[in-house]
Amino acid sequence: MQIPSLPVSDSPASVQFDFATGLFTPFVDVVERRVNDLQEMFHDQAAVGELLAGDNPVVYEIRYHPFLTTTSDMGLGVTRIYPGQIGIEYYMTKGHFHERTDQPEIYFCVRGEGFLLLETRAGDFEAVPWKAGTITHIPPLWAHRVVNTGTDLLVFVASYHLAAGHDYAPILARGFAQIVVEQEGVPQLVPNPRRR
Ligand SMILES: [Fe+2]
């Protein structure tokens, strides 16, 4: 996120989260990701093209609130992934590595169901089944992407250091080892065709 001249405070601070909507207030920034922001990341490019020719729907949105003190930089992000598919592939986040190699993150799924995909640069891969209440520690060096396989919003809370940074390039270039698609009415993990 862009960090304009944000207030620095060494006092405790709170925001209020609404479990029914997945929204919280106050927030400082909101980023909307539409199909055009993710278009290279989905397997079915014909389906991507149809959506781009149509209303280019929102896939997910993130609301951010930074907590800056004179000695620390904690970030809070809440992501709402809409239910949907592009072709047979479920809506998902872009996914990223952290630029800094010493930076972990906590993800807390508060609504919906899906998968958290995790992969190292060396190719170790894990797909964690996710539902409301699942909290996952993402160690440093693991790229992370969330996939919504449900028929409702998937909402998750992220807590991280703003200094961690985001590296999207490897994900843009290669994706994750597996993609999540609907087959015979149920979510399935299948090898990423781009890795062949
Ligand atoms: Fe992250």
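**Structural notes on the environment of A163**
Part 1 of the reasoning: Summarising the element assignment, A163 is placed in the loop between strand 13 (154–161) and helix 2 (169–174).
Part 2 of the reasoning: With 88 residues separating them in the primary sequence, A163 and G75 have C-alpha atoms 9.0 Å apart.
Part 3 of the reasoning: Beyond its immediate chain neighbours, meaning those up to four positions away, A163 contacts D73 and R100.

**Examining the pairing of strand 4 (residues 58–68)**
Part 1 of the reasoning: Relative to strand 4, strand 3 (residues 29–34) runs antiparallel, the two being bridged by six bridges. Residue pairing for strand 4: D29 is matched across the bridge by Y64.
Part 2 of the reasoning: Sheet analysis places strand 4 next to strand 5 (residues 73–81), joined by nine bridges and oriented antiparallel. Along strand 5, the bridge assignment pairs F67 with M74.
Part 3 of the reasoning: If you look at the hairpin formed by strand 4 and strand 5, you'll find four residues sitting between the two strands.

**Re the pairing of strand 12 (residues 142–148)**
Part 1 of the reasoning: The element strand 12 is extensively covered by neighbouring structure, given that seven of its seven residues are classed as buried.
Part 2 of the reasoning: For strand 9 (residues 113–120) and strand 12, the ladder comprises seven bridges, and the chain directions are antiparallel. If you follow E119 over to strand 12, its bridge partner there is A143.

**Concerning the nonpolar core**
Part 1 of the reasoning: By size, the foremost hydrophobic cluster in this structure holds 32 residues, and its most contacted members are L116, V146 and V147.
Part 2 of the reasoning: Of all the secondary-structure elements, those providing two or more residues to this core are helix 1 (45–53), strand 4, strand 5, strand 8 (105–111), strand 9, strand 12, strand 13 and strand 14 (178–183).
Part 3 of the reasoning: Excluding its chain neighbours within four sequence positions, the residues that come into contact with V147 are Y90, M92, G114, F115, L117 and V180.

Criteria and thresholds
- Residues numbered from 1 in each chain as written.
- Predicted model: local features only at pLDDT ≥ 70, side-chain atom pairs only at ≥ 80, totals over all residues.
- Helix = DSSP H or I, 4+ residues; strand = E, 2+ residues; numbered from the N terminus.
- Contact = placed C-beta atoms within 7 Å.
- Pairing = 2+ DSSP bridges.
- Buried ≥ 20, exposed ≤ 12 C-beta atoms within 10 Å, placed from the backbone.
- Core = buried A, V, L, I, M, F, W, Y, C linked by C-beta atoms within 7 Å.

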